[in-house]
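Here is how the chains run, residue by residue.
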Amino acid sequence: GTCMFLALRSFRRFVVRGVAATLRVSEENGGPIFGQPLTTKVRHFDVYSEKRKRLQRSMSTEPSGTNDASSSSSSAPSTGAGGAAANNFVRQIVEDDLKTGKHSYIITRFPPEPNGFLHVGHAKSICLNFGLAKEFGGRCHLRFDDTNPAKEEQRYIDSIQEDVRWLGFDWGEHLYYASDYFEQLYEWAEKLIKQGDAFVDDQTLEEIRATRGDIFKPGTNSPFRDRSPEENLDLFRRMRKGEFPNGAKVLRAKIDMADGNMNMRDPVIYRILHESHPRTGDKWCIYPMYDFAHGQEDSIEKVTHSVCTLEFRLHRPLYEWLQEKLDIFRVRQIEFARLNVTGMMMSKRKLLELVNDGVVRGWDDPRMPTLSGLRRRGFPPAAVRDFCKRIGVAERENVIQLDLLENCVREELHHHADRRFAVHDPLRVVIVNYPEDKTETFEVANHPDKEDRGKRKMTFSRNLYISRDDFKEEADPKFFRLAPGKEVRLRFAYWAKCVEVIKDDEGNITEVHCTYDENTKGGEAPPDGRKVKGTLHWVDAKTAVQAEFRLYDRLFLKDDPDSLTDEQREEGKTWRANLNPNSMKIANGFCEPSAAEAPAGASFQFERVGFFCVDPDSSGASGGLPVFNKTVGLTDSYAKESGALDPAKEAQRLAREKAAEERAKAKAAKEAKAAEKAAKKAAKKAAAAGGEGGGNAEEDG
């Protein structure tokens, strides 16, 4: 029966796979499959394929729609080098251009506007542009598009350079500014005027907007559109001299007010702005618009691949039109999907609002999605680079789960963060049978898996602190930590048993009295063979240092910070209604002396608590109060509370299920083989016995 069952199951799988393969081939050749699409026929055949797809969707939520051939799942792991992910269509373009000889050397650029701090979305662009240049032996320029002095500051320029270096990249001698090219851009603007491809418009910006039309109707030509090149040139030069106030005139490209692309309807390319520039001072009072500047800057620098986000796809025709009219080096613009992460606000304007209104402590607040905020919170740059590799580069918008970024951080810190003990909600424990004047020292490893990280010394005495969560006066059978009458292991020290609970007048627990077993030194089991299930971390009250712990949660309550319910809209609420009022809690507790003395930026795993980083506000190294920021928990508690899938755990679960099925298969096959062998042996024995019995029957007959 077992043999028959296995044979039928194997035959069924053989048939199913054969049919599925036939259906795929037929559909790929364009033929209908029994009048239905392939997915309706074979969807149930591969259970693990469906589970893998669900896992990918939990890691990367993408809107439905047709995907380009060059696009791929944003959650697939990458094996690319230097920040270029395996599922990276831009990398494929660069590789093809080098193979075909279109380019022998590649030049990319990262061109931020210095009007704010970089956020995690910029990290994707940094890793892509600098990573491609590093992988293919080219170079990447860092260029500041400083064309709007009203919003630009030197502190933003400094922070951007710091962020790029923090991520592990360097531009060498190739640091540029749009302001380096202001004179050349001005000359090119005059060239357009002389060619009749640009004109000075006296309309206000409101009037220009009103006459642009929309996607359903063409725009209206400006009454100043037909000025002669000579008049336009004179007015433009007077604009440069500062003869007109802000907003009095603009220079517009003369293209087509009926073009289906709104960006081609005579766009403004220069405006008057009487503002002092951080680098050029008061030399200029007219400034190029970004759309006019960045393409020509790329051309000046001979950029081979101008990589930008999808919102610039509609700007590409203008980019190419200007380079064609100016007859300058042509640059290929390639657009990719920007990075969107659940629970993170990526709008610079809204982030600036949070900073200016004091909702957060600054651009580097550890709750902010800025790179300086991630750095202060303790995110390692290697984890951010790994995250950018894993999500890849696609041509359609997608939303990546924050859990994936946090898992990258955990994986990195697990290998590189030293272990320490800290208690941020302390409960005093007195070892009543331990001598009051005695102190012992235990030498423990800094990292359980890396001997080269050395060891540290921890003291143990009569009075200790443990986490308040590790004690329950009335505990259920599944509570394996400290409780009246229960025994636990104090990690690296001794076993301790609760014998008394001390309370204040209001019934609050203030102390727990325990006894210790001196035969369990180092946490070893005693000679009598008894066992304990709970192991607690602790700090010695004599040597522990008081510390501040800043416990961070997500800044927004929703995965999409901009989303509002109908009720919220009716009440006139904005995106700020989604702010998490408990995104930061401050706790006071104790830590080991060796953690308190660490410099700002040092990361630790506080055992059984989470990963923490020393904050710049900390003064523990100079004898003051040490301050620690919680980087991430040891597990994804948010996903557990919200019911969302933890991608890493889900992948492990699927792997375990698959391994269990394979083991079951192997076991069944082994049992079937043994049964078959036993059956043959029994049949052979029966045949032999039958032969002997037959002979005797004949003799009897």
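How each quantity is defined
Residue positions are given per chain, counting from 1 as you read along its sequence in written order. At least 70 in pLDDT is required for a residue's local features to be given in this predicted model, at least 80 for side-chain atom pairs to be given and counted, and no such filter applies to totals for whole chains, interfaces and linings, which use all residues. Note that water and hydrogens are dropped before the side-chain values are worked out from all heavy atoms of the structure. By definition, two strands form a pair when at least two bridges between them are found by DSSP. Secondary structure elements follow DSSP: runs of H or I no shorter than four residues count as helices, runs of E no shorter than two count as strands, and numbering proceeds from the N terminus. Every axis corresponds to a line fitted to the C-alpha atoms, with the helix fit spanning only the stretch in contact, and the corresponding angles, defined between N-to-C directions, vary from 0 to 180 degrees. Any pair of residues with heavy atoms lying within 4.5 Å of one another is described as a contacting pair. To define a nonpolar core, start from buried Ala, Val, Leu, Ile, Met, Phe, Trp, Tyr and Cys residues and group those joined through side-chain atoms within 4.5 Å. For every residue, the accessible area (1.4 Å probe, protein chains only) is compared with the maximum for its type, and the residue is labelled buried under 20%, exposed over 50%, or partly exposed between those bounds. Lys and Arg are tallied as positive, Asp and Glu as negative. Neither His nor the chain termini are counted. Here a salt bridge means any side-chain nitrogen of Lys or Arg lying within 4 Å of a carboxyl oxygen belonging to Asp or Glu. Side-chain atoms alone can form a polar contact between residues adjacent in sequence; in general such a contact is a pair of N or O atoms within 3.5 Å, and within protein one must be able to donate a hydrogen while the other accepts it. Crossover handedness is defined here as right-handed if the route from the first strand over the helix to the second strand goes clockwise, with the strands pointing away from the viewer. Should an angle fall under 35 degrees it is taken as roughly parallel, and over 145 as roughly antiparallel, whereas 65 to 115 is taken as roughly perpendicular and any remaining angle as oblique. Crossing handedness is read from the near helix: turned anticlockwise from the far helix by less than a right angle, it gives a left-handed crossing, and turned clockwise, a right-handed one. Throughout, the ten residues Ala, Val, Leu, Ile, Met, Phe, Trp, Tyr, Cys and Pro are labelled nonpolar, Asp, Glu, Lys and Arg are labelled charged, and all others, Gly among them, are labelled polar. Any Phe, Tyr or Trp ring, taking Trp's six-membered ring, that has another such ring centre within 6.5 Å forms a pair; planes under 30 degrees apart are called stacked, those over 60 apart edge-to-face, and the others tilted. In this scheme, the term charge over a ring applies when either NZ of a lysine or CZ of an arginine sits within 6 Å of the ring centre and within 35 degrees of the ring normal. A helix is expected to span 1.5 Å multiplied by its residue count minus one. Note that the arc is defined by the directions from the helix axis to the C-beta atoms.

This part covers the sheet that holds strand E7 (residues 268–272). Taken together, four strands build an open sheet; the order of strands is E5-E6-E7-E8 and the sheet is antiparallel. Every interior strand has two partners, whereas the edge strands, strand E5 (198–201) and strand E8 (286–288), have only one. Taken over all neighbouring pairs, the strand axes of this sheet differ in orientation by 20° on average, direction set aside. Two elements, strand E6 (residues 250–253) and E7, share three bridges in a ladder whose sense is antiparallel. Directly across from leucine 251, in E7, lies its bridge partner tyrosine 270. In this fold helix H9 (residues 229–241) packs onto E5, E6, E7 and E8, with an angle of close to 60° to the strand it touches most, E5.

The subject of this paragraph is the nonpolar core. If you look at the biggest cluster of nonpolar residues, it comprises 41 residues, and the most contacted ones within it are Ile126 and Phe387. Elements with a contribution of two residues or more to this core: helix H5 (120–135), strand E3 (139–144), helix H6 (154–166), strand E11 (339–341), helix H13 (371–377), helix H14 (381–391) and helix H15 (402–416). Membership of the second largest hydrophobic core comes to 34 residues, among which are Leu233, Met239, Leu273 and Leu318.

Let us look at the side chain of arginine 462. Tracing the chain through its elements places arginine 462 in the loop between strand E17 (455–460) and strand E18 (463–467). Although arginine 462 is buried, it forms no salt bridge, and the closest oppositely charged side chain is glutamate 436 at an N-O distance of 4.2 Å. Within the structure, the side chain of arginine 462 is placed 3.1 Å from the backbone oxygen of valine 432, a separation counted as a polar contact. Not counting residues up to four positions away in its chain, the partners in contact with arginine 462 are Val429, Val430, Ile431, Val432, Tyr434, Pro435 and Glu436.

Relative to the assigned elements, glutamate 297 resides in helix H10 (residues 290–300). Apart from residues lying up to four places away in sequence, glutamate 297 is in contact with Arg143, Asp145, Thr147, Ala178, Tyr181 and Leu185.

Our focus in this paragraph is the pairing of strand E2 (residues 107–110). A two-sided burial pattern is seen for E2, the buried positions comprising Ile107 and Arg109 on one face and Thr108 and Phe110 on the other. Alignment of E2 against E3, held across four bridges, turns out to be parallel. Residue arginine 109 lies in a different strand from E3, and its bridge partner there is histidine 141. The handedness of the E2 to E3 crossover, carried by H5, is right-handed.

With that out of the way, let us pick up the packing of H10 against helix H11 (residues 316–326). Where H10 meets H11, the axes come as close as 9 Å, and the angle between the chain directions of the two elements is 60°. In this view, H10 runs oblique relative to H11, as classed from their interaxial angle. The element H10 and its partner H11 pack so that their crossing is right-handed. Each of Asp291, Phe292, His294, Gly295, Gln296, Asp298 and Ser299 in H10 lies in contact with H11, whose residues at this interface are Leu318, Tyr319, Leu322, Gln323 and Leu326. Taken together, the residues of the contact of H10 with H11 break down into five nonpolar, five polar and two charged.

Inspection of every chain in the model, using the stated rule, returns 29 aromatic pairs. Here tyrosine 270 and phenylalanine 292 contribute two aromatic rings whose centre-to-centre distance is 5.8 Å and whose plane-to-plane angle is 55°, an arrangement assigned as tilted. With tyrosine 270 in strand E7 and phenylalanine 292 in helix H10, the pair connects residues that are 22 residues apart, well separated along the chain. The exposure class assigned to tyrosine 270 is buried, which follows from its relative accessible area of 1%. Relative to phenylalanine 460, the ring of tyrosine 434 lies with its centre 5.3 Å away and its plane at 80°, an arrangement referred to as edge-to-face. Of this pair, tyrosine 434 sits in the loop between strand E15 (426–431) and strand E16 (440–445) while phenylalanine 460 sits in strand E17, placing them 26 residues apart in sequence. Accessibility classification places tyrosine 434 together with phenylalanine 460 in one group, the buried group. When the ring centre of phenylalanine 244 is taken as origin, the NZ or CZ atom of lysine 249, which lies over that ring, is 4.9 Å away. Note that arginine 375 overlies the ring of tryptophan 166, its terminal NZ or CZ placed 5.4 Å from the centroid.

Looking now at H9. In an α-helix, one turn spans 3.6 residues; hence positions three or four apart end up facing the same way. Here H9 contains 13 residues, and its C-alpha end-to-end distance of 18 Å stays within 8% of the 18 Å for a straight helix at 1.5 Å per residue. The set of residues buried in H9 consists of Asn232, Leu233, Leu235, Phe236 and Met239. Buried residues of H9 fall within an arc of 165° about the axis and therefore sit on the same side. What points out from H9, more than 90 degrees from its buried face, is the exposed set Glu230 and Lys241. Of the surrounding elements, those touching the buried residues of H9 are helix H7 (182–195), E5, E6, E7 and E8. Glycine 242 lies just past H9 and shows a positive phi near 90°.

With that out of the way, let us pick up H5. With 16 residues, H5 ought to run about 22 Å at 1.5 Å a step, and its terminal C-alpha atoms sit 22 Å apart, in line with that. Within H5, 14 of the 16 residues are buried, leaving the element largely enclosed by the surrounding structure. Glycine 137 sits one or two residues past H5 and shows a positive phi near 70°.

The next subject is the pattern of salt bridges. Here the structure, examined in full by the defined rule, presents 57 salt bridges. The salt bridge partner of arginine 456 is glutamate 592, with a shortest N-O separation of 2.8 Å. Within this pair, whereas arginine 456 is found in strand E17, its partner glutamate 592 is found in the loop between strand E25 (584–591) and helix H17 (593–596), the two being separated by 136 residues in sequence. The class for arginine 456 is buried, based on a relative accessible area of 6%. For glutamate 592, a relative accessible area of 4% puts it in the buried group.

Before going further, it helps to spend a moment on the sheet that holds strand E4 (residues 175–177). Read from one edge to the other, the open sheet built from three strands follows the order E2-E3-E4, with strand pairing classed as parallel. Unpaired on one side and paired on the other, E2 and E4 mark the two borders of the sheet. Pairs of neighbouring strands in the sheet enclose a mean axial angle of 35°, with direction left out of account. Sheet contacts for H5: E2 and E3; angle to E2, the most-contacted strand, approximately 160°.

All right, on to the packing of helix H4 (residues 89–99) against H5 then. For the pair H4 and H5, the least separation of the axes is 11 Å and the interaxial angle reads 35°. By crossing handedness, the relation of H4 to H5 is classed as right-handed. Of H5, the residues touching H4 (which contributes Val90, Arg91 and Val94) are Leu128, Leu132 and Glu135. For the contact of H4 with H5, a count of residues per class yields four nonpolar, no polar and two charged.

Among the secondary structure elements, glutamine 568 is positioned in helix H16 (residues 566–570). Not counting chain neighbours up to four residues away, the residues in contact with glutamine 568 comprise Lys558, Ser563, Lys573, Ala577 and Asn578.

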